[in-house]
Amino acid sequence: RALTSWVGIARLFAVVLSCLAFSLVASTEHFRGPYGTWCMFTWCFCFAVTLLVLLLELLELYPLLPLSWDDFTSAFSMLAALMIFTSSVVFPATFIRSPCNSNRCARQAVATTASCLCFLAYAIEVGLTRAKPGDISSFLSTVPGLLKVFETYVACLIFSLLDEYNWEPGLQWCVAVYSICFIITLLIIIFTIGRCLTYIPCPLDKMLVGYNLLALLMYMTATVLWPLYSFRGRSRPNSCGRDCWWNKHLGVTFLTIFNLIAYLVDLVYSTRMVFIRA
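No experiment lies behind these values; they were computed from the predicted model shown.

**Notes on the layout of surface pockets**
Here is step 1: Taken as a whole, the largest pocket spans an internal volume of roughly 1000 Å³.
Here is step 2: Put simply, the parts of the chain that give the lining of the largest pocket at least two residues each are helix H2 (33-58), helix H3 (69-95), helix H4 (103-129), helix H5 (143-161) and helix H8 (245-276).
Here is step 3: Ranked by residue count, the leading element in the lining of the largest pocket is H3, at 9 residues.
Here is step 4: Counted by class, the lining of the largest pocket contains 22 nonpolar, 5 polar and 3 charged residues.
Here is step 5: Lining the lining of the largest pocket are residues from two domains, each supplying at least three of them: domain 1 (1-133) and domain 2 (142-277).

**Notes on a nonpolar patch on the surface**
Here is step 1: A grouping of Leu3, Leu12, Leu51, Leu55, Leu58, Leu59, Leu61 and Leu64 is seen on the molecular surface, where their side chains present a nonpolar patch of about 700 Å² in accessible area.
Here is step 2: With 3 residues, the top contributor of residues to the nonpolar patch is H2.
Here is step 3: Judged by relative accessible area, Leu58 falls into the partly exposed class, the value being 46%.

**Observations regarding the domain arrangement of the protein chain**
Here is step 1: The domains assigned to the protein chain are domain 1 (1-133) and domain 2 (142-277).
Here is step 2: With 19 residues of domain 1 at the interface, the matching set in domain 2 holds 12 residues.
Here is step 3: Taking both partners together, domain 1 and domain 2 bury about 1400 Å²; carbon and sulfur atoms supply 71% of that area.
Here is step 4: Its largest share of buried area at the contact with domain 2, domain 1 owes to Tyr35, Met78 and Leu82, together 28% of the area lost on that side.
Here is step 5: Summed over the shared surface of domain 1 and domain 2, the result is 0 salt bridges.
Here is step 6: If you look at where domain 1 meets domain 2, you find 3 residue pairs in polar contact (both at pLDDT 80 or more).
Here is step 7: Broken down by secondary-structure element, the contributors of at least two residues to the side of domain 1 that touches domain 2 are H2 and H3.

Cut-offs used in this document
- Residues numbered from 1 in each chain as written.
- Predicted model: local features only at pLDDT ≥ 70, side-chain atom pairs only at ≥ 80, totals over all residues.
- Heavy atoms only, no water.
- 1 Å grid on protein atoms, 1.4 Å probe; cavity = no way out; pocket = protein on both sides within 12 Å on 5 of 7 lines; lining within 4 Å.
- Points joined across faces, edges and corners; volume = space filled by probe spheres on them.
- Helix = DSSP H or I, 4+ residues; strand = E, 2+ residues; numbered from the N terminus.
- Nonpolar A, V, L, I, M, F, W, Y, C, P; charged D, E, K, R; others polar.
- Domains from an automatic or database assignment.
- Patch = residues over 30% accessible without salt bridge, like charges linked within 9 Å, V, L, I, M, F, W, Y side chains within 5 Å.
- Areas by Shrake-Rupley, 256 points an atom, 1.4 Å probe, with all protein chains shown as cover.
- Salt bridge = Lys/Arg side-chain N within 4 Å of Asp/Glu carboxyl O.
- Buried < 20%, exposed > 50% of the residue type's maximum accessible area, 1.4 Å probe, protein only.
- Contact = heavy atoms within 4.5 Å.
- Buried area = accessible area lost by both parts, 1.4 Å probe.
- Polar contact = N/O pair within 3.5 Å; in protein donor to acceptor, adjacent residues only side chain to side chain.

So, in structure tokens, the structure goes:
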């Protein structure tokens, strides 16, 4: 059943497609730099972990692990979908040049296609394992749980773009917001997978609602302050390349908005689950 269920079939496709993607890119020997390294790491990491998940389920060894298996697989499938999606966008934008008429470019194009299909496989797995309304299931398979993974990943992307923020107190506050929310959300994910949340001596569901409200308010301030202090009195340079500070700060602005929306949806779903249903 680990291989013949719909979830197992989606994982098999993810293993094959991620292996195809990094094998083709490795054969081109053209993946130098931080962006190429990130894409290769993503494909290899998702391939290795998904293969390990399949083997543990096939051999029925996962009950021996001291963690919540459903929470772990749900969180990983969401994380893998986000990582593969990012690589599917970054790799062709960085390495494929027009016109694409060489053998190396053809292999890069096929690798990009395999990466996009791999993202679909992980997205299907997320959809198949997501808890339906009314189901009693693991927290990370619910919408708030999946949003926690999304919020953590977006915060990591924000950290990768941070540059030149020491000279403004408003920007320092925004970095503090990103860091505090990232650490707390990551701890929630880790404690959930490690089955440690039950030892917290307080109403956990209400505590999560309160944290979501606080994170939402903090991100609202960052959504206003980051573009205000980043672009005030500073226009886009004429020669603004890929690593230009203006492009990075614009990326942080949009990612902040994405996380603000994620925390808002998280708060709405958490409030409905805790108060309205009760």
